[in-house]
Amino acid sequence: MASKTTNPVLSTRALGRATLARQLLLAPAAMSAEDAVSHLLGLQAQNTKPPYYALAARLDGFRPEELSALMEARAIGRIVTMRSTIHTHTADDVFTLRPLVQAARDRELGIFRKGLTGVALDRLAVLARELVEERPRTPKEIREALLVEWPDADPQALSVAARCLLPLVQVTPRGLWRRSGQVRLTTAETWFGRPAGIVPAPDDTVLRYLAAFGPASVKDMQTWCGLTRLRDAFERLRPRLLTFQDEHGTELFDLPDAPRPDEDTPAPPRFLPEFDNLLLSHADRGRVVPADARSRTWKGNQAYRVFLLDGLLAGLWRLEETEQRTTMTIQPFGRTSRAQRAELTQEAERMLKVMARQGIPYDIVLGRVEG
């Protein structure tokens, strides 16, 4: 939306630096894993390893076992929230953000309505809740049980309906560091041992979103969470916020005391997991994703891990581990200077010391990641 007043203009580069500061990517933060997950409003977790890589890129002294222990202690869990994707959230945010995005889950449910002809959704929610609260169930077990009640329904639609209607958490050992486990689900209330609360107004989440992703437009936040009609919340908060505009004239909101570094502030290389929320949480991703890189982070159904150089997405990386050796392959999209290659190697070594198997030698090579 174009601004109706003359607000200060923030360049694309300045927006990038501000967002990197909020995302703890300008300098490793001295913050606990739990506090970081809360500050960032969760970590994208379609796969099991990305939350660990996301925190390794952002935190000083992070160890994967810290996040894994929080999951085992049920202080943090894996659940579908923003953009209909699995996120790792604190227990508090499970009970705040999951009900907040229920309207988006309702819209998703509408996509599968043909496969749910004749299905009483209220009854489905009751049956699914009874199933998963008796004991955690796999999606296959949920589908098969619901098909007994509605044999003519589409099995996938039944599974999606259960996920949309109920706050289903993936129970451990799924998601634990270097451990495996199939997806098994129970309700958030059962897993975390607390009742669901009242659906919150979005205002507090708007402020938290700006703290983690700002400066941002209304459409930016709607892109992040999958909701619509958030303009009213921003307008209620306007007296408490600063307003800017980007180079295209779009109005941006921000917290008065949030960091907005100079656009020439150094931005060291950072290695991020596939689908990191930094790359998915704005309508206009140009602050961190150059136009010529937008389609290069995936191929078919395969998503690649990416790295930042001078604050912008600049290439891909891959980690291959065997019992004898770990190899990290780095593929820049363009030419890099000797100094940039040295910085990339230094940051790669920092990541490997945290994420690679201890005691196993490693190599860092420039090569091809794209298949």
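Residues numbered from 1 in each chain as written. Predicted model: local features only at pLDDT ≥ 70, side-chain atom pairs only at ≥ 80, totals over all residues. Heavy atoms only, no water.

J.: Please clarify how helix H6 (residues 102–111) should be interpreted in this entry.
T.: Residue pairs spaced three or four apart in an α-helix point in one direction, given the helix's 3.6 residues per turn. Regarding H6, the residues found buried are Ala104, Arg105, Glu108 and Leu109. Buried residues along H6 cover an arc of 150° about the axis, so they all sit on one side. On its buried face, H6 is in contact with strand S2 (76–80), helix H5 (91–100), helix H7 (121–134) and helix H9 (155–165). (Buried < 20%, exposed > 50% of the residue type's maximum accessible area, 1.4 Å probe, protein only. Helix = DSSP H or I, 4+ residues; strand = E, 2+ residues; numbered from the N terminus. Arc of directions from axis to C-beta. Contact = heavy atoms within 4.5 Å.)

J.: Sorry, what's going on with the sheet that holds strand S12 (residues 312–321) here?
T.: In a beta sheet, neighbouring strands pair by backbone hydrogen bonds and run either parallel or antiparallel. A sheet is described by the order of its strands in space; here five strands give the open sequence S8-S11-S12-S13-S14, paired in mixed fashion. Only two strands of the sheet have a single partner each, and these edge strands are strand S8 (270–272) and strand S14 (362–366). Within this sheet the neighbouring strands show an average axis-to-axis angle of 25°, counted without direction. As paired strands, S12 and strand S13 (residues 326–332) are joined by seven bridges and run antiparallel to one another. When the bridges of S13 are listed, Leu316 appears paired with Gln331. (Pairing = 2+ DSSP bridges. Axes fitted to C-alpha atoms, helices over the stretch in contact; angles between N-to-C directions.)

J.: Would you mind going over the nonpolar core with me for this structure?
T.: A general trend in soluble globular proteins is that nonpolar side chains are found buried together. In terms of nonpolar packing, the biggest core is built from 53 residues, with Leu20, Leu55, Phe62, Phe271, Leu278, Phe307 and Met355 touching the most fellow members. Contributing elements (two or more residues each) for this core: helix H2 (33–39), helix H3 (50–58), helix H4 (64–72), S8, strand S11 (305–309), S12, S13 and helix H14 (338–355). Ignoring anything within four residues of it in the chain, the contact list for Phe271 reads Tyr53, Ala57, Val306, Phe307, Trp317, Met328, Ile330, Leu344, Glu347, Ala348 and Met351. In this structure, Leu237, Leu241, Leu255 and Ala258 belong to the second largest nonpolar core, which totals 26 residues. (Core = buried A, V, L, I, M, F, W, Y, C linked by side-chain atoms within 4.5 Å.)

J.: I would appreciate a short explanation of the sheet that holds strand S5 (residues 185–187) in the present structure.
T.: Ordered by their spatial adjacency, five strands build an open sheet running S1-S3-S2-S4-S5, and the pairing between neighbours is antiparallel. Only two strands of the sheet have a single partner each, and these edge strands are strand S1 (43–44) and S5. Relative to strand S3 (residues 86–90), S2 runs antiparallel, the two sharing five bridges. Its bridge partner lying in S3, Val80 is registered against Ile86.

J.: It is not clear to me how the pattern of salt bridges should be interpreted in this structure. Could you clarify?
T.: Two side chains bearing opposite charge may form a pair once their charged atoms approach each other closely. If you walk through the whole model with that rule in mind, you get 29 salt bridges. Notably, a salt bridge pairs Glu108 with Arg105, separated by 3.0 Å at the nearest N-O pair. Remark: Arg105 and Glu108 occur in helix H6; sequence separation between them is three residues, near one turn of the helix. Overall, Arg105 belongs to the buried group, its relative accessible area being 4%. Residues Arg238 and Glu251 are paired through a salt bridge, measuring 2.9 Å at the closest nitrogen-oxygen approach. With Arg238 in the loop between helix H13 (231–237) and strand S6 (242–245) and Glu251 in strand S7 (residues 251–254), this residue pair connects regions lying 13 residues apart in the sequence. Via salt bridges that share partners, Arg13, Arg17, Asp264 and Asp310 belong to a single interconnected network. (Salt bridge = Lys/Arg side-chain N within 4 Å of Asp/Glu carboxyl O.)

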